[in-house]
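Working through the structure, step by step
Residue strings, one per chain:
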Amino acid sequence: MHSSFKVHPLRSAHWSSLTCTFSGLLDLYEASGKEEYALWAIQLQSKQDALFLDGAGGGGYFTSAPDPHIVLRMKDAQDGAEPSAASVALANLLRLSHIAEDAHAEYAGKAEGVLRANAPLLEHAPFALGGMVGSAVVRERGYVQMVVVGPPRGRMLEAIRGRFMPQRVVLHLDPRAPPRELAKVNGTLRSLVEEMDKAGGEVRPSVRVCKDFTCGLPIYDVGELDSVLNEGRVGRRNDRSVL
């Protein structure tokens, strides 16, 4: 990255730049189904941890370390016209914990650290952390994985994307380009790729709705999927049957 007013490398990186790039990568993955975006996000999370993570207090600092030009490293989670780096990081970690589900405990723990670091402000002035409050509410409700088997376009995906579901994480398995690398960090995709290989690559387009990493039976009909989504049962904590 370079400063906008001088062509010189910045002396330090800013957490907000990386968190927004990270969020965009997750959006690109869910929109395109291309696993390279999710894999890049996983790598970027490791880089963020090295530069910004406060391992003791939780959350992260606004500027990177080490930097001899910075005397005091600050944390600022207050949301303004745009969400703060901490709020974006929280949403990123929660989504990533379901995309790279094998490392769910690690990413969920870091998300918990963000909330813990900002607990006093959340308690006394939650209106100052609108983005973080929103992610915390979705976290409490519980995320839902929707595993789409088939091309990254089609009526099934249109049905899913046509509804406001902030707790939704879309996982893709395109038989023409199986996500073999992402499957190494996602047990659900790994088992489906293995089943597909045993079947010689022949699979029917379907959607599986998964809650707490337990998936329901595959849905092959868009009308049935519409019924499940319209009934509003997806994502309820007290519904242990996934759907």
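The following refers to the structure shown. (Residues numbered from 1 in each chain as written. Predicted model: local features only at pLDDT ≥ 70, side-chain atom pairs only at ≥ 80, totals over all residues. Heavy atoms only, no water.)

1. Quick notes on the overall build of the protein
Where we set the bar: Only runs of H or I of at least four residues qualify as helices and only runs of E of at least two qualify as strands under DSSP, and these elements are numbered from the N terminus. Burial here depends on accessible area, computed with a 1.4 Å probe over protein chains only, as a share of the maximum for the residue type. Under 20% is buried, over 50% is exposed, and the range in between is partly exposed. For this analysis, residues touch if any pair of their heavy atoms sits within 4.5 Å. In short, Shrake-Rupley with a 1.4 Å probe defines the accessible areas, and a residue's cover is counted only from the protein chains shown.
Secondary structure assignment for the protein yields nine helices and four strands. Secondary structure elements of the protein, listed N to C terminal, follow the sequence α-α-α-α-α-α-β-α-β-α-β-β-α. For the protein, the proportion of its 243 residues judged to be buried stands at 46%. Residue pairs at least 24 apart in sequence account for 62% of intrachain contacts in the protein once pairs closer than 6 positions are excluded. With an accessible surface of roughly 12800 Å², the protein has 55% of that area assigned to carbon and sulfur atoms.

2. Brief notes about the pairing of strand 1 (residues 144–149)
Heads up, the condition is: We call a crossover right-handed when, viewed with the strands running away from us, the connection from the first strand over the helix to the second turns clockwise.
Counted residue by residue, strand 1 has six buried out of six residues, so it is predominantly covered. Of the two faces of strand 1, the one carrying Val144, Met146 and Val148 and the one carrying Gln145, Val147 and Val149 are both buried. Crossover handedness for the path strand 1 to helix 7 (residues 155–161) to strand 2 (residues 168–173): right-handed.

3. Observations regarding the side chain of Arg95
Relative to the assigned elements, Arg95 resides in helix 3 (residues 85–99). In this structure Arg95 comes out as buried when scored by relative accessible area, which is 14%. Apart from residues lying up to four places away in sequence, Arg95 is in contact with Ser23, Leu26, Asp27, Glu30, Tyr143 and Val169.

4. Some thoughts on the pattern of salt bridges
We count it as follows: Salt bridge criterion: a side-chain nitrogen from Lys or Arg within 4 Å of a carboxyl oxygen from Asp or Glu.
In the structure shown here, the tally under the stated rule is 10 salt bridges. The salt bridge partner of Asp102 is Arg190, with a shortest N-O separation of 2.9 Å. Taken as a pair, Asp102 in the loop between helix 3 and helix 4 (104–117) and Arg190 in helix 8 (residues 187–198) lie far apart in primary sequence, 88 residues in all. Among the residues examined, Asp102 registers a relative accessible area of 42% and is labelled partly exposed. For Arg190, a relative accessible area of 31% puts it in the partly exposed group. Here Arg139 ties to Glu112 by a salt bridge, and the two come within 2.4 Å at their closest N and O atoms. Here the residue Arg139 occupies a position in helix 6 (residues 130–141), and Glu112 occupies one in helix 4, the gap between them amounting to 27 residues. Note on Arg139: relative accessible area 30%, which makes it partly exposed. One salt-bridge network, held together by shared partners, links Asp27, Glu30 and Arg95.

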